[in-house]
Amino acid sequence: MHDMRIFLIGFMGCGKTTSGKKLAAALNYPFFDLDHQIVAATGQSIATYFGQFGENAFRLLEKQTLQDFEYPADCVISTGGGTPCYFNNMDWMNVHGLTIYIDMPPAALAKRLEQGKHKRPLLKDLDEREMVAFITDKLQDRLAYYRRSKLIIDGINLSTEQLKTAVLNAK
């Protein structure tokens, strides 16, 4: 079996971090969350950094963190929802590992995000209908990038076993 860096891609709320941790445990790989790496490097939450320095500065930091981090040969990396859509990040991830897009429809994402929306600056003031509309629009902008993933997996009722099987079959 050759080295396998697995990059999980998808909209916020699709389960990249939760599924990533479980997949990493099932494969006996270390797990990395790109957002957590950024928080550790800056000492600030993503929302605080975003608010203080703006989106352009955040996206540049995100790119540097993604591309400069020394990943082990085998690992699972959960990326931010927008990570694939900026600079050459999607191409870089496709060259350096297996990209998996966890696909979910806007209504399902909105339902998952409802509880924690107060922690997400872009969602905190939206009602359910507005949130579905916001997610639908954002997803439309991002799909061209997400669909360049090497694997696309349905995120509804996604099990760790399904994810592990897809990864092993991709090797």
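Residues numbered from 1 in each chain as written. Predicted model: local features only at pLDDT ≥ 70, side-chain atom pairs only at ≥ 80, totals over all residues. Heavy atoms only, no water.

### Side note on the environment of T79
Part 1 of the argument: Here T79 is to be found in the loop between β3 (75-78) and α5 (89-96).
Part 2 of the argument: You can call T79 buried: its relative accessible area is 3%.
Part 3 of the argument: Taking C-alpha positions, T79 is 6.1 Å from L8, a pair spaced 71 residues apart along the chain.
Part 4 of the argument: Among residues more than four places away in sequence, those in contact with T79 are F7, L8, I9, K16, L34 and M93.
Part 5 of the argument: A polar side-chain atom of T79 sits 2.8 Å from the main-chain carbonyl oxygen of L8. (Helix = DSSP H or I, 4+ residues; strand = E, 2+ residues; numbered from the N terminus. Buried < 20%, exposed > 50% of the residue type's maximum accessible area, 1.4 Å probe, protein only. Contact = heavy atoms within 4.5 Å. Polar contact = N/O pair within 3.5 Å; in protein donor to acceptor, adjacent residues only side chain to side chain.)

### Remarks on helix α7 (residues 128-146)
Part 1 of the argument: At Q140, α7 shows its largest bend, some 40°.
Part 2 of the argument: Looking at α7, one finds that the buried residues are M131, I135, L139, R142, L143 and Y146.
Part 3 of the argument: Against β1 (5-9), α4 (55-68), β4 (98-103) and α6 (106-113) lie the buried residues of α7.
Part 4 of the argument: Of the residues flanking the start of α7, the one acting as N-cap is D127, its side-chain oxygen 3.1 Å from the backbone nitrogen of R129. (Bend = angle between axes of the 7 residues up to and from the residue.)

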